[in-house]
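Each chain is listed here by its residues.
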Amino acid sequence: MENYIKILAIALITVILIQILSKKEQDISVLLSITVCCMILMAMLPFLDRIFDFVRKIQAIIHMDPENISILVKAVGIGLLTEIVSLICADGGNAALCKTVQLVGTAVILWLSIPVFTSLLDLVISVLGAI
Amino acid sequence: MKRIILVLIIITGLITVIPEVYGAEMDFTAPQVPDSGRNLLPYIPESFAEGLLTVLDGVGALIYPAFRSACKGAIQIMGILLISAFLSGFSNTAVPVFRLVGCVCISLILLSTSNTFIRLGVDTIHELSAYGKLLLPVMTASLAAQGGITEASALYAGTAAFDAVLASLITGIMIPGVYAFLILSISSCFTEIKMLERIKEGIKGLITWALKIILYVFTGYLAITGVVSGTTDAMTLKAAKITISGVVPVVGGILSDASEAVLVGAATMKNAAGIYGILAVLAVCAGPFLQIGMQYLLLKITAAFGETTEGDGLSRLVKDFSAVMGLILAMTGVMGLLFLISTVCFMKGGA
């Protein structure tokens, strides 16, 4: 909880600093934004670790396929990174790059879920076979 | 002395001739319970209450394993819904993946279970239909022997026709419809195409509507034939008794009384066969009905849990699977009810 308060404080100070710097030093303000975002993400990792431990615990209880859980966890990571990077791009004033990053994120998530799509297709075919 | 010998000859002749006249055998015992229901009704009970208690006792023993297996599946689905709800909070971009993975996992768990229960329902319907084919001639013969020839033939024709129509409708149209409903549910879970949703609801509505209509028409048919043919048979029998006592000189009255005794005997046999028949239908139906019902209830509870944790996405899929269980329950119930109602009508019928 203490870390969370620290993260909030760092974020607020960074926003004020970026506001001051953006008038004179636009480049440094973008760099500062990227650096603080990375720092906050690193600080968030212990929280995520505990959350994924809980998810793994549920997975062990319900005997869910570990492959599906790994897809879910990867999707969370890809989704988070895509959103953060696209927002940084938007803050830097590059809308085209922001949209491209979102597109790449969606494509990677779709690529990740191809095995799930395949198993769903097999499932539907097996049901059709039962008719 | 001559008169006594004459009376004895006529009574003996009456006993042997009556069954032939009504085209029936004097063996009015109901057919044995099929294998699937025999563990619930292993012997012929002395009374209806005793038989009912035996069936209920057997059903009670089935509750725990059915509940346990249904609970296991429900917990697994609740876990998937919880994981999906938990991870959905992180990223909007990844929400379709959570829904897809959740949909596949839930379908993998529920599809094999649902398939087992659909097969169980279909097997029960076939067994009921096969048992009905053995029970109905017995009930028809015993009702005819009691004097209700028109009523017996009308009841037999009606029940047999409705049984054939319902069995072929269920296996030929409704069960493929149920599978189509499942495929559409799985597809619409992650595509969110409204058209698929509407087609799915249409299929469900058609099946429910068809089952209701068949049961309404059947009960209506029974009500009409019961009133019309019952009155006809009563009048015919009364006229026959008056003719016998009037035409046959001297022993006409005695003959009329003897025929009354034979009719009472036939009624007793008919009721005994009917009671055993009802218990047998219950024994065949009760086990599968309870297992499917247990799965239906637990899926409903799971869907309600999903709505509170995950929202309307995956819980709608669970709700659809519970709807499938509801449809199978309805099909089995309608088939069982068809034979129960007709057996009761056979027992109630006769002059």
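Owing to the predicted nature of the structure, the values given are computational and were not obtained by experimental measurement.

Conventions we followed
- Residues numbered from 1 in each chain as written.
- Chains lettered and ligands numbered in written order.
- Predicted model: local features only at pLDDT ≥ 70, side-chain atom pairs only at ≥ 80, totals over all residues.
- Heavy atoms only, no water.
- Helix = DSSP H or I, 4+ residues; strand = E, 2+ residues; numbered from the N terminus.
- Rg over C-alpha atoms; globule rule 2.2 N^0.38 Å.
- Buried < 20%, exposed > 50% of the residue type's maximum accessible area, 1.4 Å probe, protein only.
- Contact = heavy atoms within 4.5 Å.
- Salt bridge = Lys/Arg side-chain N within 4 Å of Asp/Glu carboxyl O.
- Expected span 1.5 Å × (residues − 1).
- Bend = angle between axes of the 7 residues up to and from the residue.
- Buried area = accessible area lost by both parts, 1.4 Å probe.
- Nonpolar A, V, L, I, M, F, W, Y, C, P; charged D, E, K, R; others polar.
- pLDDT = per-residue confidence, 0-100.
- Polar contact = N/O pair within 3.5 Å; in protein donor to acceptor, adjacent residues only side chain to side chain.

Peer 1: Hey, could you run me through the overall build of chain A in this one?
Peer 2: Regarding its fold elements, chain A presents 5 helices and 0 strands. In chain A, the succession of α and β elements from N to C terminus is α-α-α-α-α. A compact globule built from 131 residues should have a C-alpha radius of gyration of about 14 Å, whereas chain A, at 20 Å, is more than 25% larger. With the principal axes as the frame, chain A shows a C-alpha extent of 70 × 40 × 15 Å. Among the 131 residues that make up chain A, the fraction classed as buried is 27%. By sequence separation, contacts in chain A at least 24 residues apart represent 49% of the contacts at least 6 residues apart.

Peer 1: It is not clear to me how the pattern of salt bridges should be interpreted in this structure. Could you clarify?
Peer 2: Close approach of charged atoms allows side chains with opposite charge to pair. All names here are of chain B. By the definition in use, this model includes 6 salt bridges over all chains. Between K133 and D163 there is a salt bridge, with the nearest N and O atoms lying 3.7 Å from each other. Of the two residues, K133 is situated in helix α4 (residues 95–145) and D163 in helix α5 (residues 149–191); the sequence distance between them amounts to 30 residues. Take K133: its relative accessible area is 53%, and that puts it in the exposed class. Ionic pairing is found between E197 and K200, a salt bridge with its closest N-O pair at 2.9 Å. Remark: K200 and E197 occur in helix α6 (residues 194–247); sequence separation between them is 3 residues, near one turn of the helix. Note on E197: relative accessible area 18%, which makes it buried. By relative accessible area, K200 is classed as buried at 1%. Within this structure, E197, K200, R316 and D320 form a network of salt bridges that share partners.

Peer 1: What am I meant to see in α5(B) here?
Peer 2: An α-helix turns once per 3.6 residues; consequently, residues spaced three or four apart project the same way. All names here are of chain B. Compared with an ideal rise of 1.5 Å per residue, which puts 43 residues at 63 Å, α5 spans 60 Å between its outermost C-alpha atoms and is within 8% of the ideal. By the largest-angle criterion, I170 marks the main kink of α5, which is about 40°. The first or second residue beyond α5 is E192, which carries a positive phi of 55°.

Peer 1: Help me understand the interface of chain B and chain A, please; the structure alone is not making it clear to me.
Peer 2: Note: interface size is frequently given as the accessible area lost on complex formation between the parts. Contact residues are listed per partner, giving 31 residues for chain B and 32 residues for chain A. A combined buried area of about 2900 Å² lies between chain B and chain A, and 88% of that area is made up of carbon and sulfur atoms. Counting the contacts that link chain B with chain A gives 0 salt bridges. Elements represented by at least two residues in the side of chain B that touches chain A include exactly α3 (48–88), α4 and α5 of chain B. A per-element tally of the side of chain B that touches chain A places α4(B) first, with 12 residues. For the side of chain B that touches chain A, the class distribution of residues is 23 nonpolar, 7 polar and 1 charged.

Peer 1: Please clarify how the confidence of the model for chain B should be interpreted in this entry.
Peer 2: Should pLDDT be low for a region, the predicted coordinates there are not to be read in detail. All names here are of chain B. Per-residue confidence for chain B gives a mean pLDDT of 78, with 77% of residues at or over 70. The model gives residues 14–26 a pLDDT under 50, and that stretch makes 13 contacts with residues more than four places away or in other chains. Across the interfaces of the predicted complex, the ipTM metric reaches 0.73, alongside a pTM of 0.76.

Peer 1: Got a minute to help me understand the side chain of A:T14 in this structure?
Peer 2: Residue and element names in this part refer to chain A. Tracing the chain through its elements places T14 in helix α1 (residues 2–24). What makes T14 buried here is its relative accessible area of 8%. A polar side-chain atom of T14 sits 2.5 Å from the main-chain carbonyl oxygen of I10. Apart from residues lying up to four places away in sequence, T14 is in contact with L32 and V36.

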